[in-house]
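Inside the fold
Spelled out, the chains give:
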Amino acid sequence: MDKELTAIRRRKTFMILAFVAVALAAIAIWIVLIFDRTPADEAEISNIDRIELKVHPTVKSIIQKRLREAIDLAYGIEDDKEPIGVIRKESISIKDEKDGTKQYNFLVDVDAYELTYRAEVWEKKEKKNSEVFFYCVPPSQSKYPDNFCVGYNGQSTLSVTIGYSLPLTAKKTMNGYYYDAKIKYKEKSIWPYVDIFVSSCGSQKIKDEARNDFRDWIKEQGYDPNLFEIQVPDNCTGGE
């Protein structure tokens, strides 16, 4: 009888220990998942902890927040397209400033939105004051060279390509029509476009000629004119 009671006690003890072990394992997994999960206001950068970019956790959080903000402001975050960035390891450069600030630059590809950004990170001594900006890159550096990119504060593919040469003033078409070209932004938007001012006085032919001349100019700069939105509104000057 004693042996049987002892066996029963051992079985109960084993079952209790097994239950406790399972419970502890479940709690541990839950804790790992909770703390490893990217916060809802951040865009995960999937490889930031696996490359030689030893940023402070606070700075990592700021980087991921700014990435999500940049995409959301320009494109809007879609429910089925969670933005996940991947840093190009070979693109990382680090510079130490005299005031103790560390400057990081690197390229980030965001496949869900077919974007490539250049991240500029200023890691301050007071980590919470660190600054992060996401800028668009020229098509030659982008994983998606055929896509138009909008980055921080309206900076865009336009900014890093033909934007350096704009505005154009009094450019002449083959038939002697003069036009101006400059960057404008859509109303209540950070999306840029090229505005062509030409005195067409209702002539679609003149407007088309100005547009085509400008597209040819873009090609001469080494870029695809289809990348850019070009608007030619109706204008009439000179009393015509």
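Just above, that's the structure.
Quick look at the structure, then. (Residues numbered from 1 in each chain as written. Predicted model: local features only at pLDDT ≥ 70, side-chain atom pairs only at ≥ 80, totals over all residues. Heavy atoms only, no water.)

**Considering the side chain of T161**
For the record, the criterion: Secondary structure elements follow DSSP: runs of H or I of four or more residues count as helices, runs of E of two or more count as strands, with numbering from the N terminus. Between buried and exposed lies partly exposed: a residue is buried under 20% and exposed over 50% of the maximum accessible area for its type, with that area taken using a 1.4 Å probe on protein chains only. Working rule for contacts: check all heavy atoms of both residues, and any pair within 4.5 Å makes them a contact.
Structurally, T161 is set in the loop between β5 (131-136) and β6 (168-172). Classification of T161 as buried rests on a relative accessible area of 4%. Apart from the residues lying within four places of it in its own chain, the contact partners of T161 are P139, Y223 and F228.

**A look at the environment of R50**
Selection rule: Identification of polar contacts relies on pairs of N or O atoms within 3.5 Å, with a donor-acceptor requirement for protein atoms, meaning one able to donate a hydrogen and the other able to accept it, and with residues adjacent in sequence counted only if both atoms are side-chain atoms.
The residue R50 is located in the loop between α1 (2-36) and α2 (57-74) in this model. Only 2.9 Å separates the side chain of R50 from the backbone oxygen of S46, close enough to count as a polar contact.

**Remarks on the sheet that holds strand β8 (residues 192-198)**
This is how the line gets drawn: A strand pair is defined by DSSP finding two or more bridges across the two strands. Where helices are involved, their axes are fitted lines through C-alpha atoms of the stretch in contact, as for all axes, and angles between N-to-C directions lie from 0 to 180°.
Taken in spatial order, the 4 strands line up as β6-β7-β8-β9 in an open sheet, and their pairing is mixed. At either margin of the open sheet sits one strand with a lone partner, and together these are β6 and β9 (230-231). Direction of pairing for β8 relative to β9: parallel, over a ladder of 2 bridges. Across the sheet, residue D195 finds its bridge partner in β9, namely Q231. Contacting β6, β7 (178-185), β8 and β9, helix α3 (residues 204-220) crosses the sheet at an angle of about 130 degrees to β8.

**Describing the environment of T237**
Tracing the chain through its elements places T237 in the segment after β9. Residue T237 is classed as partly exposed on the basis of its relative accessible area of 35%. Sequence-wise, T237 and S200 are 37 residues apart; in three dimensions their C-alpha atoms are separated by 8.3 Å. Setting aside chain neighbours within four positions, we find T237 in contact with F197, S199 and C201.

**Thoughts on the state of the cysteines**
The cut-off we apply is this: Pairs of cysteine sulfur atoms within 2.5 Å are identified as disulfides in what follows.
Scanning the model with the defined rule gives 2 disulfides in all. A sulfur-sulfur distance of 2.0 Å marks the disulfide that ties C136 to C149. Since a negative S-S torsion denotes a left-handed disulfide, the C136-C149 link at about -80 degrees is left-handed. Of this pair, C136 sits in strand β5 while C149 sits in the loop between β5 and β6, and the two are 13 residues apart along the sequence. Comparing C136 with C149 shows no difference in burial state: the two are buried. Covalently, C201 is tied to C236 through a disulfide, its sulfur atoms 1.9 Å apart. In this structure the cystine formed by C201 and C236 twists about its S-S bond by roughly 85 degrees; its chirality is therefore right-handed. In this pair, C201 is assigned in the loop between β8 and α3 and C236 in the segment after β9, connecting sequence segments 35 residues apart.

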